[in-house]
Structure formats: C-alpha cells, structure tokens
Amino acid sequence: IMDINQQIKQLRDTLRYHEYQYHVLDDPKIPDAEYDRLFHQLKALEQQHPELITADSPTQRVGAKPLAGFAQITHELPMLSLDNAFSDEEFNAFVKRIQDRLIVLPQPLTFCCEPKLDGLAVSIFYVNGVLTQAATRGDGTTGEDITLNIRTIRNIPLQLLTDNPPARLEVRGEVFMPHEGFNRLNERALEHGEKTFANPRNAAAGSLRQLDPKITSRRPLVFNAYSVGIAEGVELPATHYERLQWLKSVGIPVNSEVQLCDGSEKVLEFYRSMQQKRPTLGYDIDGTVLKINDIGLQRELGFISKAPRWAIAYKFPAQEELTR
Ligand SMILES: NC(=O)n1nc(-c2ccco2)nc1N
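The structure presented is a predicted model; accordingly, all values stated were derived computationally and were not measured.

The next thing to look at is empty space enclosed by the protein. A complete count under the given rule lists two cavities of 30 Å³ or more for this structure. If you add up the space inside the largest cavity, you get close to 140 Å³. Together, 16 residues line the largest cavity, and Arg16, Glu19, Pro157, Leu158 and Gln159 are the ones closest to its centre. The residue makeup of the lining of the largest cavity, split by class, is seven nonpolar, four polar and five charged. Put simply, the second largest cavity is a space of about 30 Å³. If you trace the second largest cavity, you find it lined by Ile73, His75, Glu76, Ser123, Phe125, Gln133, Ala135 and Glu170. When grouped by side-chain class, the residues that make up the lining of the second largest cavity number three nonpolar, three polar and two charged.

What follows is the structure, encoded as structure tokens:
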C-alpha cells in the first residue's frame, strides 16, 4: 500500500497525464466522469492533509479572493504587433522584401503558417517547469499581471510535462473564447438580465480582466501557444515549427491548423484553405499569420520598429457582423 504522499503524487501525475491527453492531444483515454472521480479523490486527500497542498497541484486552479487591482508587468522581450497584408500582391511584396534582404536566399523559402486567432495575446512564464506568472500584451512593453486568471484556464498546464524543465520559459499565445461557450455565456446573461458581449474577443478580454478569479474560472476560455519568448536552460530547435512541436511535447496546447508551406504559392493556398474552413472552426480567426520558419533567418531579418520583418498577418476582408 502507498503512503499519503505517494497516493497524492500518483493522483497528481495521473490527472496531469489525462489533462494532456484531453487538452493538448484531443485524445482522452478516460471518460470525463472518471477524470472527475480522480480529481475529487485528490481534493479529499488534500483536504485531509492541507500541509501537502502545493500551488502546482491540479486542484489549485481557482484563486481564493478577488484582487483589488492588477499589478503591471514589463515584458523582458517586447510583444510586438504584426504588419498586415490585405491582398496577394501585398503578401508577395512582403516576400520580395525578404528575398531582397537575405544574404543567402534558401530555395524554397519555408513559412510556418498559422490561423490568426482573434482573442487576447498573453505571456506565460514557467520557472523550473511551474507556472509562476502571466501577463496581457498591454501596449507591447507593459501589460497587466493576470496570473490568477490564467491559472483558471483548463488547457493551460500549471506544471510542464517534463522531468527536465527549462530554468525559465516564456510561452506566448492567444486566449480566446470558442463560439459554443460564447453563445452559452450570452444566453445565460440574457436569462439573468446581465449585459451580453458583442463578440467572443470582447468576452475573452472581459473574462481575463475580472478581478475575481472565480468568475474567470466559470468562463469557457481556451489558450493556444504561438511562440516562445524567453528560454533559459534549454536548447530550443532551430525552426519555429519545431519549437511549437516542442511546446506541445511539454504539455502546452498548439493550434491543430498550424502547418509548414514551402514557397509563397503554397502559403497562398494555405490562406485560401483557412478562408474556406473559417466558418467550420468553431472559434473566430481574422486571417492567418505567416512566419519565416528558420530562426536564423528570423534573426537576420529582425524587426521594423514595431513589427517583425519576418512575419506578416494576412487578414480576411472585414466580415459583415450581422452574419453570426
Ligand atoms: N493571433 C495569433 O493567432 N498569432 N499571433 C502571432 C504572432 C504575433 C507575433 C508573433 O506571432 N502568431 C499567431 N498565430
């Protein structure tokens, strides 16, 4: 038989494994009822032995009391906005600028192509594999400390799923609200005579700006990572796509539509395929983000004052708000 410590450790590891299978691989191995049973078993054990509770336990997602306000956080690396393209011609001009600038021009030029999630950009820090801090993008230099709210988002792990975590890792990505949860939230607001949200992006922003984490915890928010910021004590892969795969391997959710495209023709095919898929995704996107995949080339191209030279957001034409 196992002692209490071993029982608690085994339950935590089991819950973390099933959270990974469900939220990151979309491949649950047990029914939700079984997950809930294990969760409440751990909750009960921790209730009986509160001295064994740790902040990174799967039971510790909802902070106790509301905050009086949000502290400010200065990003060690600025969170830059993206330059936009609104036509194939503008995208091709972006590619030509890159080709003219690169000393050695690889053939083909490989892009990592991603849906442009329409939510809120956030930065999440893991120190020795444990979630320690999270902030909004803010103005790109300074954001708000929303750590307690970020901890309530079920697909964000409180601990990285690796025995050899980096000393410090910054994960950047988008918090958004899928349509199904958005519609349910607005229906309930209507029933209770409360204000409704105009769109899922506003609902996500409003939910992350709640001073009471209990309210945020009840909101159907989802996180998808799209880049690595600070990384210390780990040798990262040499391409952006491989870095996203690495994030997935340590328990961080990444959007399933991300793919590599060799050359601008394939990139434009990706853009059109995402435009076709858009109404079926179940969450809002406002275009695509197309990034030079090789990190060395990204470094060579650098940033224009506000935006990276190596990435562009190719947006869809503004959609009539009436059609939702
Ligand atoms: N919003 C969104 O989905 N983004 N935003 C970036 C980004 C912003 C700066 C560098 O990369 N990438 C994706 N997929």
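Having put the structure on the table, let's press on.
Read across the open sheet, the four strands follow the order β5-β4-β7-β8; overall the sheet is antiparallel. In this open sheet, the two edge strands, each paired with only one partner strand, are β5 (130–136) and β8 (222–232). Averaged over all pairs of adjacent strands, the angle between strand axes in this sheet comes to 25 degrees, irrespective of strand direction. In this structure, strand β4 (residues 120–127) lies alongside β5, joined through six bridges in antiparallel fashion. Across the sheet, the residue bridging to Phe125 is Gln133, located in β5. Docked against the sheet, helix α6 (residues 200–208) engages β4 and β7 (168–176), running at close to 40 degrees with respect to β4. Taken strand by strand, helix α8 (residues 240–249) contacts β7 and β8, and its axis lies near 110 degrees from that of β8.

Around the ligand, the neighbouring residues are Leu82, Glu114, Pro115, Lys116, Leu117, Glu174, Tyr226, Val289 and Lys291. Leu117 places a polar main-chain atom, nitrogen or oxygen, 2.7 Å from an oxygen atom of the ligand. Here a nitrogen atom of the ligand sits 3.0 Å away from a polar atom, N or O, in the side chain of Lys291. Surface burial for the ligand is 89%, taken as the share of its 350 Å² of free accessible area covered by protein chains.

Here helix α2 (residues 32–48) contains 17 residues, and its C-alpha end-to-end distance of 24 Å stays within 8% of the 24 Å for a straight helix at 1.5 Å per residue. For α2, the full list of buried residues reads Tyr35, Leu38, Phe39, Leu42, Leu45 and Glu46. Along the long axis of α2, the arc covered by the buried residues comes to 125 degrees, so they all point the same way. When the buried face of α2 is taken as reference, the exposed residues oriented beyond 90 degrees from it are Ala33, Gln47 and Gln48. Close packing links the buried residues of α2 with α1 (4–23).

Scanning all chains against the criterion turns up eight aromatic pairs. Aromatic side chains Phe91 and Tyr314 sit 6.4 Å apart centroid to centroid with 15 degrees between the ring planes, which places their arrangement in the stacked category. Separated by 223 residues along the polypeptide, Phe91 in helix α3 (residues 88–101) and Tyr314 in strand β11 (residues 311–315) bring together distant segments of the chain. Of the two residues, Phe91 and Tyr314, both sit in the buried class.

Procedures and definitions
- Residues numbered from 1 in each chain as written.
- Predicted model: local features only at pLDDT ≥ 70, side-chain atom pairs only at ≥ 80, totals over all residues.
- Heavy atoms only, no water.
- 1 Å grid on protein atoms, 1.4 Å probe; cavity = no way out; pocket = protein on both sides within 12 Å on 5 of 7 lines; lining within 4 Å.
- Points joined across faces, edges and corners; volume = space filled by probe spheres on them.
- Nonpolar A, V, L, I, M, F, W, Y, C, P; charged D, E, K, R; others polar.
- Pairing = 2+ DSSP bridges.
- Helix = DSSP H or I, 4+ residues; strand = E, 2+ residues; numbered from the N terminus.
- Axes fitted to C-alpha atoms, helices over the stretch in contact; angles between N-to-C directions.
- Contact = heavy atoms within 4.5 Å.
- Near = heavy atom within 4 Å.
- Polar contact = N/O pair within 3.5 Å; in protein donor to acceptor, adjacent residues only side chain to side chain.
- Areas by Shrake-Rupley, 256 points an atom, 1.4 Å probe, with all protein chains shown as cover.
- Expected span 1.5 Å × (residues − 1).
- Buried < 20%, exposed > 50% of the residue type's maximum accessible area, 1.4 Å probe, protein only.
- Arc of directions from axis to C-beta.
- Phe/Tyr/Trp six-rings, centres within 6.5 Å; stacked < 30°, edge-to-face > 60°.

Worth remembering: the numbers are spatial, not functional.
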